[in-house]
Amino acid sequence: MQQPNLGETMAYGELWTLSLLTMAVLGMTVGGLGIYALICNRVPGRLLGKTVRNPRLWGTGMLFMVSSFAFLSWTPLIIGLGITVVGHTVKPTG
């Protein structure tokens, strides 16, 4: 019987660890962007600065989307996506 080459295949545990690490980094990045936009009332970067009209609303939507991972539910993700789109389209009043 021939042993499988472990260098060519990735074990299930390694794939699971890699996906969790990726989700953690993505969650921290999006959460940081959301908190920055919510507190400072601006978004980083030229592209986001040109497309986002209401940064606080956009940041709130981003935080809702990150919270969907904590609650393991699709509902905060859908709500956050809607709030983020509204943050792109609606100008702030006042």
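Attention here is on the structure that accompanies the text. Small disclaimer: the values here were computed from a predicted structure and weren't measured.

Let's shift gears to helix α4 (residues 75-89). Because each turn of an α-helix spans 3.6 residues, side chains separated by three or four positions end up pointing in the same direction. Here α4 spans 22 Å end to end across 15 residues, near enough to the 21 Å set by a 1.5 Å rise per residue. Burial in α4 covers these residues: P76, G80, I83, T84 and G87. All buried residues of α4 fall inside an arc of 105° around its axis, so they share one side. Buried residues along α4 sit in contact with α3 (55-71).

Further remarks concern the side chain of T84. Its location among the elements puts T84 in helix α4. Residue T84 is classed as buried on the basis of its relative accessible area, which comes to 8%. Among all residues touching T84, those that are not within four sequence positions of it are W58, G61, M62 and M65.

Our next topic: unusual backbone geometry. Negative phi is the rule for most residues except glycine; trans is the rule for most peptide bonds. Phi angles above zero are rare outside glycine, and N41 is one such case at about 60°. Mapping N41 onto the fold places it in the loop between α1 (12-40) and α2 (46-51). The exposure class of N41 is partly exposed, given its relative accessible area of 37%. Of note in this structure, L72 is not a glycine but carries a positive phi near 50°. Note that L72 resides in the loop between α3 and α4.

The geometry of α1 relative to α3 is characterised by a closest axis approach of 7 Å and an angle of 150° between their N-to-C directions. When the interaxial angle is binned, α1 and α3 end up roughly antiparallel. As for how α1 packs across α3, the hand of that crossing is left-handed. On α3, the residues that touch M23, G27, V30, G31, L33, G34, I35, A37, L38 and I39 of α1 are P55, R56, W58, G59, T60, M62, L63, V66 and F69. For the contact of α1 with α3, the per-class residue count stands at 13 nonpolar, five polar and one charged.

Thresholds applied
- Residues numbered from 1 in each chain as written.
- Predicted model: local features only at pLDDT ≥ 70, side-chain atom pairs only at ≥ 80, totals over all residues.
- Heavy atoms only, no water.
- Helix = DSSP H or I, 4+ residues; strand = E, 2+ residues; numbered from the N terminus.
- Expected span 1.5 Å × (residues − 1).
- Buried < 20%, exposed > 50% of the residue type's maximum accessible area, 1.4 Å probe, protein only.
- Arc of directions from axis to C-beta.
- Contact = heavy atoms within 4.5 Å.
- Axes fitted to C-alpha atoms, helices over the stretch in contact; angles between N-to-C directions.
- Parallel < 35°, antiparallel > 145°, perpendicular 65-115°, else oblique.
- Left-handed = near helix turned anticlockwise from the far one by under 90°.
- Nonpolar A, V, L, I, M, F, W, Y, C, P; charged D, E, K, R; others polar.

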